[in-house]
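# A closer look at the structure
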Amino acid sequence: MSASMTTLLDEARALAPELVEIRRHIHAHPELSFEETETAKYVVETLTRLGYQPRFVARGTGVVAEIGGTSGSTIALRADMDALPIEEANPNSYCSRKKGVMHACGHDAHTACLLGAAMLLAEKHCRQPLPGRVRLLFQPAEESINAEGKSGATLMIEEGVLDGVKAALALHTYTDLEAGKFGLRSGPILAACDSFVITVRGKGAHGAMPELGVDAIVLAAQVVQTVQTIASRRISALEPVVITIGGIKSATYRPNIVAEEVEIIGTVRYFNASLTEMIQTELKRCCALAEAMGGSYTIKYSHENPVLNNDAAVTSKVGAAIEKLLGPTAIVETPMVMGAEDFSFISAAVPSCFVFLGSEIQGDRRKFHTAQFDIDETALPLGSAMLAEAALQLLG
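Rules and cut-offs
- Residues numbered from 1 in each chain as written.
- Predicted model: local features only at pLDDT ≥ 70, side-chain atom pairs only at ≥ 80, totals over all residues.
- Heavy atoms only, no water.
- Helix = DSSP H or I, 4+ residues; strand = E, 2+ residues; numbered from the N terminus.
- Expected span 1.5 Å × (residues − 1).
- Buried < 20%, exposed > 50% of the residue type's maximum accessible area, 1.4 Å probe, protein only.
- 1 Å grid on protein atoms, 1.4 Å probe; cavity = no way out; pocket = protein on both sides within 12 Å on 5 of 7 lines; lining within 4 Å.
- Points joined across faces, edges and corners; volume = space filled by probe spheres on them.
- Nonpolar A, V, L, I, M, F, W, Y, C, P; charged D, E, K, R; others polar.
- Contact = heavy atoms within 4.5 Å.
- Right-handed = clockwise from strand over helix to strand, strands pointing away.
- Pairing = 2+ DSSP bridges.

### Notes on helix H2 (residues 16-28)
The terminal C-alpha atoms of H2 lie 18 Å apart, and with 13 residues this matches the ideal 18 Å at 1.5 Å per residue to within 8%. Where H2 is concerned, the buried positions are Leu-19, Val-20, Ile-22, Arg-23, Ile-26, His-27 and Ala-28.

Below is the structure:
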């Protein structure tokens, strides 16, 4: 390992206390999607102290900043900043101070890692001008979409944050991988994500005389059971597909009322884009049971994220950066994962790489989107060093 690489890694590790402080501050002050105004202000203040000239985007919930010369390529590094509507159940001193909201997916760590990369790049640029530009993207609303069906990545792309960008890079904490390891894969890595809302309608009646109505709950139960057969009986077992019913509720909730309307919500994950039309057709076939039993239905089907693909050339450069920092044993080949991420919109626009940052708390793998989620914070400087070194590799 060369002296310059050792220096970069040492510099990152020297930043560890500050990165932990940044992560814990953001963790204690979480904000939901499209509400990240205070987090964005905190990021702007931090970047300004480092000599950057950041600007707000996405109505003050996102931040963009650049460093480097006026010539050469532009590389984008992205971190998401939003939290989830979950009540935290950890005993830590830095637990969420906002009731019912917590960072349960590691976005606080992603923001800390990108700020750490900003520190490393600023120091590097002071010693020797960068051979191009690095654009830092602090993105809101990865977890949700607005009324127009747009997430934070789409909103930022529409504001031109990828203009002139040669390649983009993002990381994500991964609690199934120990700290000190990076999960890397060329090609498809995260699934496309669609969502649906099915409304089943019957005819209300008194619970003591169900024969006078059409029970929407019974109709919905038949629909739910049949939806489970789409992946198992209508799609080849060789195709990775997940269809999950995430919730079901009736318009009434009384023991003596035959429900007139029931709403069913769910998600669809897949890697083969040609399946989406077929799945929509099969959902309609399943819902036709409601009509056959005297009811009716409507379906609202939405495409949320495309497949996230890692560009082979960019991924190779990122792998080289990780090897120079930590050696080849730090890289673990990652299988395709059925989770989804709106970085997929960025990867569809420019050659990109999405990296898993090992962050397992030893012997206690905390699961995403749960009240107990937490990470091994020794991963933070490693994430910062990887982002900075990969950007330098991509600049050539």
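### Points about empty space enclosed by the protein
One pass over the structure, following the stated rule, counts one cavity of 30 Å³ or more. Reported here for the largest cavity is a volume of approximately 40 Å³. Lining the largest cavity we find Arg-78, Leu-137, Gln-139, Ala-153, Met-156, Ile-157, Val-161, Leu-162 and Ile-346. Elements with a minimum of two residues in the lining of the largest cavity: strand E4 (132-139) and helix H5 (152-158). Broken down by element, the lining of the largest cavity gets its largest block of residues, three residues, from H5. Residues that form the lining of the largest cavity fall into these classes: seven nonpolar, one polar and one charged.

### Considering the environment of Gln-228
In this fold, Gln-228 is placed in helix H6 (residues 216-234). Separated by 125 residues in sequence, Gln-228 and Cys-353 have C-alpha atoms that sit 33 Å apart. Setting aside its immediate chain neighbours within four residues, Gln-228 contacts Ile-243 and Ile-245.

### Points about the pairing of strand E3 (residues 73-80)
Of all eight residues that make up E3, seven are buried, and the element is covered over most of its length. Crossover connection from E3 via helix H4 (residues 107-127) to parallel E4: handedness right-handed. One ladder, built from five bridges, connects E3 with strand E5 (residues 165-178); its direction is parallel. For Ile-75, the partnering residue across the bridge sits in E5 and is Ala-167.

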